[in-house]
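# Fold and geometry: a report
Chain by chain, the residues run as shown.
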Amino acid sequence: PPVPPAEGPAPQGPRAAIVDSGVNYTLSAIARRLARDGDGALVGYDFWEDDDRPFDGNPARSPYFPQHHGTTTASVLLREAPTSALVPYRYPRPDMSRMGALVRHAARAGVTVMALPLGSRSAAEWTAFAEAARAHPQMLFVVAAGNTGRSLDDLPIYPPVLELDNMLVVTSATADGRLARGSAWSARHVDLMLPAEDVQVVDFEGRRRSAAGTSYAAPRLAALAVRLQAAHPHWRAPELKVAILQRAAPPPGDTRTTKHGWIADPAAAIE
């Protein structure tokens with residue numbers, strides 16, 4: 001469907017990108033937070049179908065019952081970074097070499113923080129992304145570790161296992177700081193974990209419900225990065241990464257699950 005016209009004042013905070021199955025931009029909760037250009041057009045893109053309408057739909061499992069993952073993950077970022085302007089992308093499943101073009105598009109749009117609550121087992125699919133990410137060291141990429149229930153050392157998932165200085169990999173913890181059931185881990189590849197097992201989301205139909213998994217840890221951590229950037233407008237990936245890791249503490253559970261520990265409340269006020 002067409003993107004609704006802008007209503008009300010434009011979001012004044014940093015632009016934050018999310019790469020997923022797109023978003024349902026007809027929902028008012030999403031539409032009023034979209035980043036727009038001077039003509040009121042949405043800033044974002046559908047790299048799957050190569051058009052300017054990144055509407056939420058992933059028919060990978062069934063064209064009759066498409067998955068609507070992107071709206072729920074985006075709703076978390078928008079709630080926890082309340083001044084941010086959303087730049088939504090539908091990832092290029094038919095041709096993942098276009099991830100490089102996606103990163104460059106976001107850089108031109110002024111995005112510093114990009115959440116990627118997706119991944120795969122194919123290293124080749126993520127070569128273009130890795131090259132583009134390295135070429136834009138000012139951007140911070142927040143990546144979900146995956147829901148394999150395995151160590152990334154034993155079952156590599158991309159992009160989490162890529163060696164990128166401007167990337168943070170996050171997994172899901174329970175409220176008491178223990179690795180959540182089904183979440184991937186690694187003391188080498190996973191930087192942090194944070195609570196993401198009973199996360200309130202807005203789904204594709206506009207209904208409020210709860211969700212769980214590393215896909216929701218990624219937008220929570222990205223929202224923290226965006227709020228830090230809002231408080232410090234000149235910060236980019238290096239400063240944001242340092243500030244985030246300084247908030248990490250040893251988890252009460254197994255310390256071998258992450259490199260830096262856990263953040264108990266990523267939505268806490270920034271001093």
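In the block above lies the structure referred to throughout.
This write-up is about the structure you can find in this document. (Residues numbered from 1 in each chain as written. Predicted model: local features only at pLDDT ≥ 70, side-chain atom pairs only at ≥ 80, totals over all residues. Heavy atoms only, no water.)

Of all five residues that make up strand S5 (residues 140-144), five are buried, and the element is covered over most of its length. Side chains Leu140, Val142 and Ala144 of S5 all project onto a buried face; the interleaved residues Phe141 and Val143 project onto the opposite face, where all are buried too. With four bridges connecting them, strand S4 (residues 113-116) and S5 associate as parallel partners. What sits directly across from Leu116, in S5, is Val143. What joins S4 to S5 is helix H4 (residues 127-135), and the crossover it makes is right-handed. With four bridges joining them, S5 and strand S6 (residues 167-173) adopt parallel strand pairing. Paired with Val143 across the two strands is Val169, which belongs to S6. (Buried < 20%, exposed > 50% of the residue type's maximum accessible area, 1.4 Å probe, protein only. Helix = DSSP H or I, 4+ residues; strand = E, 2+ residues; numbered from the N terminus. Pairing = 2+ DSSP bridges. Right-handed = clockwise from strand over helix to strand, strands pointing away.)

This part takes up the packing of aromatic side chains. As enumerated under the stated definition, the model contains seven aromatic pairs in all. For the ring pair Tyr25 and Phe55, a centre distance of 5.3 Å and an interplane angle of 65 degrees mean the geometry is edge-to-face. Of this pair, Tyr25 sits in the loop between strand S1 (15-20) and helix H1 (28-31) while Phe55 sits in the loop between strand S2 (45-46) and helix H2 (70-80), placing them 30 residues apart in sequence. A relative accessible area of 0% places Tyr25 in the buried class. Between Trp126 and Phe129 the ring centres are 5.6 Å apart and the planes differ by 90 degrees, which places this aromatic pair in the edge-to-face class. Residue classification places Trp126 among the buried positions, given a relative accessible area of 2%. These aromatic residues form a ring-pair network of at least three members: Tyr25, Phe55 and Phe204. Sitting over the ring of Trp48, Arg90 keeps its end group 4.3 Å from the ring centre. (Phe/Tyr/Trp six-rings, centres within 6.5 Å; stacked < 30°, edge-to-face > 60°. Lys NZ or Arg CZ within 6 Å of the ring centre and 35° of its normal.)

This paragraph deals with H4. Residues of H4 that are buried: Ala128, Phe129, Ala130, Ala132 and Ala133. The inward-facing, buried residues of H4 contact helix H3 (99-108), S4 and S5. (Contact = heavy atoms within 4.5 Å.)

What follows is about helix H5 (residues 214-231). Given a rise of 1.5 Å per residue, 18 residues ought to cover 26 Å, and the 26 Å separating the end C-alpha atoms of H5 matches this to within 8%. Burial analysis of H5 places 16 of its 18 residues in the buried class, which makes it a mostly covered element. (Expected span 1.5 Å × (residues − 1).)

This part covers the layout of surface pockets. The computed volume of the largest pocket comes to approximately 780 Å³. Together, 28 residues line the largest pocket, and Asn58, Tyr91, Pro117, Leu118 and Gly119 are the ones closest to its centre. The leading source of residues in the lining of the largest pocket is H5, at three residues. Taken together, the residues of the lining of the largest pocket sort by class into ten nonpolar, 13 polar and five charged. Approximately 250 Å³ is the volume attributed to the second largest pocket. Taken together, Leu27, Ser28, Ala29, Ile30, Arg32, Arg33, Ser75, Leu78, Arg79, Val202, Gly206 and Arg208 make up the full set of residues lining the second largest pocket. Mapped by element, the contributors of at least two residues to the lining of the second largest pocket are H1 and H2. Class assignment of the residues belonging to the lining of the second largest pocket gives a composition of five nonpolar, three polar and four charged. (1 Å grid on protein atoms, 1.4 Å probe; cavity = no way out; pocket = protein on both sides within 12 Å on 5 of 7 lines; lining within 4 Å. Points joined across faces, edges and corners; volume = space filled by probe spheres on them. Nonpolar A, V, L, I, M, F, W, Y, C, P; charged D, E, K, R; others polar.)

Turning our eyes to something else, we now look at the environment of Asp39. Within the fold, Asp39 resides in the loop between H1 and S2. Residue classification places Asp39 among the exposed positions, given a relative accessible area of 76%. In this structure, the C-alpha to C-alpha distance between Asp39 and Ala6, residues 33 residues apart in sequence, is 9.9 Å.

Function-wise, these values are silent; they only describe arrangement.
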